[in-house]
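# Examining the three-dimensional arrangement
Residues per chain are reported as follows:
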Amino acid sequence: MDIPENEKRSLNFIESIIEENLRENKNEGRIHLRFPPEPNGYLHIGHAKSICLNFGLAESYNGLCNLRFDDTNPEKEDVEYVDSIMEDIKWLGFEWNDKPYYASDYFEQLYEWAVEFIKQGKAYVDDQPQELIREQRGVPTSPGVESPGRKRSVEENLKLFAAMKNGEYPDGSMVLRAKVDMASPNMHMRDPIMYRILHQKHHRTGDKWNIYPMYDWAHGQSDFIEGITHSVCTLEFEVHRPLYNWFLDQIATTSYRPRQIEFARLNLSYTVMSKRKLLELVKDKHVKGWDDPRMPTISGLRRRGYTPESLRSFADRIGVAKRDNVIDVGLLEFSVREHLNKIAPRVFGVLNPVKVVITNYPEDKVEVMDLINNPEDEAAGSRSVPFTREIYIEREDFMEDAPKKFFRMGPGREVRLKGAYIVKCEDFKKDADGNISEIYCTYDPETKSGSDTSGKKVKGTLHWVSATNSFDAEIRLYDRLFSDEDPAGHKEVDFKEFLNPESLKVLSNCKLEPSLKEAKVGDKFQFQRLGYFCVDKDSTE
RNA sequence: UGUCCGAUGGUGUAAUGGUAGCACUGCAGAUUUUGGUUCUGCCGGUCAAGGUUCGAACCCUUGUCGGACAACCA
């Protein structure tokens, strides 16, 4: 990376740690990260932050980044999620090292290590009821009490553990616990559970296992097996770190150690981020699926028209630190607009049309106007837009009694039709309900766009679409899903109470310029003076 | 009454003992055939009190506030 010294970006705290480790040649100077999603839901913008962080760190330090599915809880996990996760990471533009890894691939090794633990007296089977174990663990402010299982002989433990594995006991009847310290002020050190009995089919290992490792026993060991050097996770795992290190110290035989580093997860205003709540929105049909354009999922944002670039620049902008944060959702929205402004072709679309008749324009004439596609990008070229006697403009662009600051059309006012002529409103007609039904204008032939010889200056420029050379389309207007800044932050009120009833508006009678006929699913456009739109996957001819 | 973590404008994030900067937002203006974009300017901040030091956002102490931890979830 060739960054001039004076423009050198300052390091975030994780980069500082990495550079320090590089200087001291820790782990032979290797940099190896991993992104470890549990395949129990779709990835959201918070995961995008983590993906950009982990894969980005690997990129900038010439290291590697594994994709590892943390699939140790078959009750919640599914291949559907595995597939969507891989798709989202690829779409974001990152490549994982080698192949997708799975914690479930290490079940055998984990089991062997556990047996070793038992032999060394570092683990024991506890057959007490779950409630009792929980009770004995105590509370953070006072020590727990030791389980009678602690005194079980190695032989007995070995026998019991093998029987657990062989499916001889029912779910929940026994666990394997590490013998650490029941008096530790850190709850995670109070003889943590390493294995539970679960007669549950796993999406990869099938019926092979009747016991499954817990997070703490699986995660650090997986890092270790894969040679991970920096294991980046979110703040809530901070208290797990002593246990993470303790387990590693028991199994490591060299100085190599992965190091767990915690950062603050992303919070976004006006949205919910927990997988549980997102799942609830999907299940209760408040949205049309995980990829509903209002969802903060990566697939939802993609469908909404976000680009990978915009998400990556967003991730850059929000930074990485350890303090809790709430990012203004406006910053995310800014990031797409910023990118789309540069790449999206400008087109004309009239969402809420009202007809305008240009009375002095020949009835059958069709003039082909040449319009610039993108003022931000000369290479984008231009396109043809037909201009005719009858056109549509936006209903909101006409006002019968217009105030001074209203620069658009009104009786007696002149405005420019962008890329065409300056027209003057001469008259209008209303229907029985008092709505404007038709507007009558005259145009000035001297004012043709690009060859204007009139010298006229007008305040307003409107977009328009030919009434005879356009087509109808359904347009969906999306707004924020929640009307409250922190929908999940109210103890007494369910977050769903804050659902924005106006988050989706479907407009059916919109008029689009002919060039849009060619548009394909995923294509993004700026409807001039309106905003950005993209072709949805369920679009029809 | 425990342990751990954190605290810089409205929101994020830099400054790592030496001029508190950047981005978003907001406000004002300029340009503009998008009330867009772009450009310029402005508003606005070191949680508190002590200490160390020539000098502290930064180091120390105490306090305050916020968060995490008591699933056979991750």
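Now for a description of the structure that goes with this document. Here the structure is a predicted model, which is why all the values come from computation and not from measurement. (Residues numbered from 1 in each chain as written. Chains lettered and ligands numbered in written order. Predicted model: local features only at pLDDT ≥ 70, side-chain atom pairs only at ≥ 80, totals over all residues. Heavy atoms only, no water.)

Let's shift gears to the overall build of chain A. Along its length, chain A carries twelve helices and 24 strands. Taking 24 Å as the expected radius of gyration for a compact globule of 541 residues, we find that chain A reaches 31 Å, considerably beyond that expectation. Reported as C-alpha extents along the three principal axes, the dimensions of chain A are approximately 100 × 55 × 40 Å. The 541 residues of chain A split such that 50% are buried. Pairs at least 24 apart in sequence give 71% of the contacts found in chain A among residues at least 6 apart. (Helix = DSSP H or I, 4+ residues; strand = E, 2+ residues; numbered from the N terminus. Rg over C-alpha atoms; globule rule 2.2 N^0.38 Å. Buried < 20%, exposed > 50% of the residue type's maximum accessible area, 1.4 Å probe, protein only. Contact = heavy atoms within 4.5 Å.)

Let us look at the sheet that holds strand E7 (residues 211-213). Within the open sheet, the four strands sit side by side as E4-E5-E6-E7. Their pairing is antiparallel. Each having just a single partner strand, strand E4 (123-126) and E7 make up the two edges of the open sheet. Here the average twist between neighbouring strands, direction ignored, is 20 degrees. Summarising the sheet, strand E6 (residues 193-197) and E7 pair through three bridges and their orientation is antiparallel. Counted as the bridge partner of Tyr195 is Pro213 from E7. (Pairing = 2+ DSSP bridges. Axes fitted to C-alpha atoms, helices over the stretch in contact; angles between N-to-C directions.)

Taken together, three strands build an open sheet; the order of strands is E10-E23-E24 and the sheet is mixed. Two strands in the sheet have a free side with no partner beyond their single neighbour: strand E10 (346-347) and strand E24 (531-534). Here strand E23 (residues 524-527) runs beside E24; their pairing, made up of four bridges, is antiparallel. Bridge pairing in E24 links Gln526 to Tyr532. Each of E10, E23 and E24 touches helix H12 (residues 329-343); the most contacted strand, E24, lies at about 80 degrees to it.

Here helix H11 (residues 308-318) crosses H12 at 135 degrees, and the two axes come no closer than 8 Å. With respect to H12, the axis of H11 lies oblique. Note that H11 runs across H12; the crossing there is right-handed. Listed contacts from H12 to Glu309, Ser310, Leu311, Ser313, Phe314, Arg317 and Ile318 of H11 are Leu331, Leu332, Phe334, Ser335, Val336, Glu338 and His339. (Parallel < 35°, antiparallel > 145°, perpendicular 65-115°, else oblique. Left-handed = near helix turned anticlockwise from the far one by under 90°.)

Moving on to the protein's contact with RNA strand B. Inspection of the region around RNA strand B gives 60 residues, with Arg323, Arg346, Ser449, Gln526 and Arg529 positioned closest. Protein-proximal atoms of RNA strand B, defined as those within 4 Å of the protein, fall in sugar or phosphate at a share of 63%. Residue Phe407 places a main-chain N or O atom 3.0 Å away from a base oxygen belonging to RNA strand B. Put simply, the parts of the chain that give the surface near RNA strand B at least two residues each are helix H5 (130-137), E6, H11 and H12. Split into classes, the residues belonging to the surface near RNA strand B amount to 21 nonpolar, 19 polar and 20 charged. (Near = heavy atom within 4 Å. Polar contact = N/O pair within 3.5 Å; in protein donor to acceptor, adjacent residues only side chain to side chain. Nonpolar A, V, L, I, M, F, W, Y, C, P; charged D, E, K, R; others polar.)

With that out of the way, let us pick up the environment of Phe247. Turning to its location among the elements, Phe247 is positioned in helix H8 (residues 241-251). Relative accessible area serves as the criterion here: at 0%, Phe247 is assigned to the buried category. Considering only alpha carbons, one finds Phe247 and Trp217, 30 residues apart in sequence, at a separation of 7.4 Å.

Turning our attention to the pairing of strand E9 (residues 259-263). Across the five residues of E9, four count as buried, placing the element largely inside the fold. Here strand E8 (residues 230-234) runs beside E9; their pairing, made up of five bridges, is parallel. When the sheet's bridge partners are listed, Val232 is paired in E9 with Ile261.

What follows is about the packing of helix H2 (residues 45-60) against H11. As a packed pair, H2 and H11 sit with axes 9 Å apart at the nearest point and diverge in direction by 85 degrees. One way to sum up the angle between H2 and H11 is to call them roughly perpendicular. Contacts between H2 and H11 pair Ile45, Lys49, Cys52 and Glu59 from the former with Leu311, Arg312, Phe314, Ala315 and Ile318 from the latter. Class assignment for the residues of the contact of H2 with H11 results in six nonpolar, no polar and three charged.

For the structure on display, the rule yields zero disulfides. Free cysteine Cys233: the closest other cysteine sulfur is in Cys65, separated by 14 Å. Among the cysteines around Cys534, which has no disulfide bond, Cys510 carries the closest sulfur, lying 15 Å off. (Disulfide = S-S within 2.5 Å.)

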